[in-house]
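Spelled out from the first residue to the last, the chains are:
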Amino acid sequence: MKDRTQTYRLTGSAVRNFESFIWETLCFFIYFYRSKKGSCVEDDDSYAFAILLRVSFAHRVLQDIMPGVCDGTCVANSHCSQPCPPDTQGNMGFFCSQKKWHKITETCRTLNAFNIFETNLYSAQPFGGNTKISEYARMSETITDMLMQKCPKDLSCVLRNIQQSPRIPGNIAVIVQLLHNISTVLLTGVDEAKMQSYSVMANHILNSKSISNWTFIPDRNSSCVLLHSINSFARKLFINKYLIDISDVFIHTLGTTISRDNTGKNFSFAMRINDTSNAITGQVLISRDELRKVPAPSQAISIAFPTLGAILEASLLENVTVNGLVLSVILPKELKRISLIFEKISKSEERRTQCVGWHSLESRWDQQACQIIQENSQQAVCKCRPSKLFTSFSILMSPHILESPILIYITYTGLGISICSLILCLSIEALVWSQVTKTEISYLRHVCIVNIAATLLMADVWFIVASFLSGPVTHHDGCVAATFFVHFFYLSVFFWMLAKALLILYGILIVFHTVPKSVLVAALFSVGYGAPLLIAVVTVAATEPRKGYLRPEACWLNWDMTKALLAFVIPALAIVVVNLITVTLVIVKTQRAAVGSSMFQEVRAIVRISKNIAILTPMLGLTWAFGIATVVDGSNLAIHIVFSVLNAFQGFFILVFGTILDPKIREALKGRVTSAKWISRISENLSTDFSCQPTKGPS
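Rules and cut-offs
Residues numbered from 1 in each chain as written. Predicted model: local features only at pLDDT ≥ 70, side-chain atom pairs only at ≥ 80, totals over all residues. Heavy atoms only, no water. Salt bridge = Lys/Arg side-chain N within 4 Å of Asp/Glu carboxyl O. Buried < 20%, exposed > 50% of the residue type's maximum accessible area, 1.4 Å probe, protein only. Pairing = 2+ DSSP bridges. Helix = DSSP H or I, 4+ residues; strand = E, 2+ residues; numbered from the N terminus. Core = buried A, V, L, I, M, F, W, Y, C linked by side-chain atoms within 4.5 Å. Disulfide = S-S within 2.5 Å. Patch = residues over 30% accessible without salt bridge, like charges linked within 9 Å, V, L, I, M, F, W, Y side chains within 5 Å. Areas by Shrake-Rupley, 256 points an atom, 1.4 Å probe, with all protein chains shown as cover. Lys, Arg positive; Asp, Glu negative; His and termini not counted. Charge placed at Lys NZ, Arg CZ, Asp CG, Glu CD. Axes fitted to C-alpha atoms, helices over the stretch in contact; angles between N-to-C directions. Expected span 1.5 Å × (residues − 1). Contact = heavy atoms within 4.5 Å. Phe/Tyr/Trp six-rings, centres within 6.5 Å; stacked < 30°, edge-to-face > 60°.

Engineer: Sorry, what's going on with the pattern of salt bridges here?
Structural biologist: Close approach of charged atoms lets side chains of opposite charge pair. Tallied over the entire structure, the rule returns 8 salt bridges. Arg-292 serves as the salt-bridge partner of Asp-289, at 3.8 Å between the closest nitrogen and oxygen. By relative accessible area, Arg-292 is classed as partly exposed at 43%. Between Lys-347 and Glu-343 there is a salt bridge, with the nearest N and O atoms lying 3.4 Å from each other. Classification of Lys-347 as partly exposed rests on a relative accessible area of 34%.

Engineer: Mind showing me how you'd approach the pairing of strand E3 (residues 100-106) here?
Structural biologist: Consecutive residues of a regular strand have side chains that alternate between opposite faces of the sheet. Note: strand E2 (residues 91-97) against E3, 6 bridges, orientation antiparallel. Looking at the pairing, Phe-94 lines up with Lys-103 of E3. Once E2 ends, the chain turns through 2 residues before running back antiparallel as E3, passing Gln-98 with a positive phi of about 55 degrees.

Engineer: So what exactly am I meant to see when it comes to the environment of Ser-427 here?
Structural biologist: Within the fold, Ser-427 resides in helix H11 (residues 405-436). Sequence separation between Ser-427 and Val-450 is 23 residues; the distance between their C-alpha atoms is 9.9 Å.

Engineer: Explanation requested: the nonpolar core in the structure shown.
Structural biologist: Nonpolar side chains in soluble globular proteins tend to end up buried together. With 60 residues, the main nonpolar core has Ile-182, Met-201, Leu-206, Phe-305 and Trp-365 as its most contacted residues. Of all hydrophobic cores here, the second largest spans 54 residues; its members include Leu-422, Val-436, Cys-555 and Ile-575.

Engineer: When you look at the state of the cysteines in this model, what are you seeing that I'm missing?
Structural biologist: A complete count under the given rule lists 6 disulfides for this structure. Between the sulfur atoms of Cys-84 and its disulfide mate Cys-108 the distance is 1.9 Å. Taking the sign of the S-S torsion, about -90 degrees here, the bridge from Cys-84 to Cys-108 comes out left-handed. On the criterion of sequence distance, the pair formed by Cys-84 in the loop between strand E1 (79-83) and E2 and Cys-108 in the loop between E3 and helix H3 (135-150) is long-range, its members being 24 residues apart. The exposure class of Cys-84 is buried, given its relative accessible area of 5%. Under the relative-accessibility criterion, Cys-108 is labelled buried at 2%. One disulfide bridge connects Cys-355 with Cys-382, the sulfur atoms lying 2.0 Å from each other. Judged by the sign of its S-S torsion, about -70 degrees, the bond between Cys-355 and Cys-382 is left-handed. Taken together, the residues Cys-355 in strand E12 (residues 353-359) and Cys-382 in strand E15 (residues 379-384) connect sequence positions 27 residues apart.

Engineer: Explain a positive patch on the surface to me, please; I cannot follow it from the model alone.
Structural biologist: A grouping of Arg-235, Lys-333, Lys-336 and Lys-388 is seen on the molecular surface, where their side chains present a positively charged patch. Mapped onto the elements, Arg-235 comes out in helix H8 (residues 222-235). Taking the relative accessible area as the measure of exposure, Arg-235 reaches 45% and is therefore partly exposed.

Engineer: What am I meant to see in the sheet that holds strand E11 (residues 338-343) here?
Structural biologist: If you trace the 5 strands from one edge of the open sheet to the other, you get E6-E7-E11-E15-E14, paired in antiparallel fashion. The open sheet is flanked by strand E6 (265-272) and strand E14 (370-375), the only strands paired with a single partner. Here the average twist between neighbouring strands, direction ignored, is 20 degrees.

Engineer: Can you help me understand helix H5 (residues 169-185) in this one?
Structural biologist: Spacing of three or four residues puts side chains on the same side of an α-helix, whose turn is 3.6 residues. Its 17 residues place the ends of H5 24 Å apart at the C-alpha level, agreeing with the 24 Å of an ideal helix rising 1.5 Å per residue. Within H5, 13 of the 17 residues are buried, which leaves it mostly tucked inside the rest of the structure.

Engineer: Is there a simple way to explain the sheet that holds E3 in this structure?
Structural biologist: Where strands meet in a sheet, backbone hydrogen bonds hold them as pairs that are either parallel or antiparallel. Taken together, the 3 strands give an open sheet; going across it, the order is E1-E2-E3, and neighbouring strands pair in antiparallel fashion. One side of each edge strand has no neighbouring strand; the edge strands of this open sheet are E1 and E3. Across this sheet, the average inter-strand angle for adjacent strands is 35 degrees, counted without regard to direction. With 5 bridges connecting them, E1 and E2 associate as antiparallel partners. Its bridge partner being in E2, His-79 is matched across the sheet by Phe-95.

Engineer: What is the right way to look at the environment of Ser-467 in this model?
Structural biologist: Locating Ser-467 in the fold gives a position in helix H12 (residues 440-469). What makes Ser-467 partly exposed here is its relative accessible area of 25%. Ser-467 sits 16 residues away from Thr-483 along the chain, and the two C-alpha atoms are 9.8 Å apart.

Engineer: So what exactly am I meant to see when it comes to unusual backbone geometry here?
Structural biologist: When glycine is set aside, most residues are seen to have a negative phi, and most peptide bonds are trans. One non-glycine residue, Asn-77, lies in positive phi territory at about 65 degrees. In this structure, Asn-77 sits in the loop between helix H2 (41-65) and E1. What makes Asn-77 exposed here is its relative accessible area of 57%. Despite not being glycine, Leu-155 shows a phi value in the positive range, around 60 degrees. The residue Leu-155 is located in the loop between H3 and helix H4 (159-164) in this model.

Engineer: I would appreciate a short explanation of the side chain of Thr-455 in the present structure.
Structural biologist: Mapping Thr-455 onto the fold places it in helix H12. Other than its neighbours up to four places away in sequence, Thr-455 contacts Phe-489, Ser-492, Val-493, Trp-496 and Tyr-529.

Engineer: Explain a nonpolar patch on the surface to me, please; I cannot follow it from the model alone.
Structural biologist: Together, Ile-408, Tyr-412 and Phe-463 make up an exposed nonpolar region whose accessible area comes to about 260 Å². By the secondary structure assignment, Tyr-412 is in helix H11.

Engineer: So what exactly am I meant to see when it comes to the packing of aromatic side chains here?
Structural biologist: All chains considered together, the criterion is met by 14 aromatic pairs. Counting every residue linked through ring pairs, the aromatic cluster contains Trp-462, Phe-484, Phe-485, Phe-488 and Phe-489.

Engineer: Whenever I open this one, the environment of Val-185 confuses me. Can you help?
Structural biologist: Mapped onto the fold, Val-185 is located in helix H5. Judged by relative accessible area, Val-185 falls into the partly exposed class, the value being 44%. C-alpha of Val-185 to C-alpha of Phe-233: the two residues are 48 residues apart in sequence and 9.9 Å apart in space. When near neighbours in sequence (up to four residues on either side) are disregarded, Val-185 contacts Thr-144 and Met-148.

Printed below as a string of structure tokens:
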């Protein structure tokens, strides 16, 4: 339907512009023709003015009959509004992007208080064409009042016209508001007949064919309001027999009575996502131990939705994928634990499943309400805690997560070797520090190396801590702390690499002794620790109050909800770009020295260039550039393996290329070893001399 609407809009625009052009051209020729015939000026002006009035009227009529995309030039980031197609009220909002108009909102509707009822007692007086979204509430209140007067027994007098209405955004908004008002007005006395009518109304807008139109409703919370209204209305349902079973295509309600004498309760559902898909199953299980907590016979109601997950995603514009039925439960407050079994819609083994509950106040999926118990390629078993905040549950399919035992093995093996290598690197630096930092240049260089090694060591340690704290329910505060330190120390690694790159550029372009050593050291520490600390603190302060700091599945920065991960990605990639430029300048300078030299000298220059690249690549973090490839092709295991090897072993590469291959460090180590042997030899000689002297006896 969306494609047909888009085609209709474009066609209407072209026809309107063509008709307008014809009328204006005809007006000009008539005016020109009459003036050439020498007619009275007043008559000519009057006649032309009359023609212009007709043209203006015709143009307005064509605009009303055939609305299209916005007139005029599409200026970037501009907005415009157009009236809806014939026989509908409302308007369509457009946004200009990439020199094209894109529809972003639509309030077109056919339903109103005068035509929604089967027996029309009022004259059909349509609402104005530019009714705003806030007027849906007033309109729906009017419809609700009339509904309670006309058919209070079963609410059926609006069903036929609602079912026959097109599922356009304005109609969806009217029905959502109507369902909300009904759930608010009816405080008690909701029987099976009312629930049946309520489900029919909800089923119409839950249809899979309406999902794309939810995107254009101006009120982004409409889908949340619908879910809350259905749960609220079902909570008032009175069950006076053993089982209530109200089944529609896109909403299925089961209700029964429970008591502590029951052996257990099981609500089972099987529903289709659309006309072509197979049925997807879901189960709600209440154990016998939980039922024993119920003091008296009570009601238990469960509602299944096959399309609501996709509607929530489309309406809220969230980058999450619901991979099963959405199951709502209305239970006695004594029941604290239930089991849910979800069949997966997409049966992919490469994506991690998350059991989640819908947070009714914050309007988002929250993993704190559920815990995954068992999972295979076909289904997932969740243990959830229903409450006033969490009534609806489902499973999410984690986006672009590639799980592989090879990657896990490489990561942890590499981190272990990296940590040992960094400890050895820092030990060697401490051992030879006085010998290799005699000049100002070497001092600043080794300050950078030591801090790169130290911050990377701390980052790797906190990464391992964070991996142990990752979990769906527990260790939230510890997870926040671990994520903060991982974020801070990895940023510090990058900023110290940036400091080293700037030091190299400074050495190439500017004479070192022009700036005092103390100023350079202060600048290095400000860049290396000050900037990362500022970014890390601002990130946690801005996102954690909204529970958007962490990912649901791991102790790391959130992406789907708050895009907190950008606080790491943007600085890291920017630093990699600067460091690439630095390496390029070093290569160019090295190559210039070999221009016009002999073949042997050119070969030596190539070897020197290769050595520079090998040393600078791990020291400046250029291996992280492979992370871009993992984003471009997230499903390629080979790219992930290369990225994991290069970065998990980064500490080992720093030890080899930054410390062991440094000739001054090797010379200093050799001197320390020689000195240690000399001291050991002197000690042995002294001990020998003392042992050879005769001992004098007492006189």
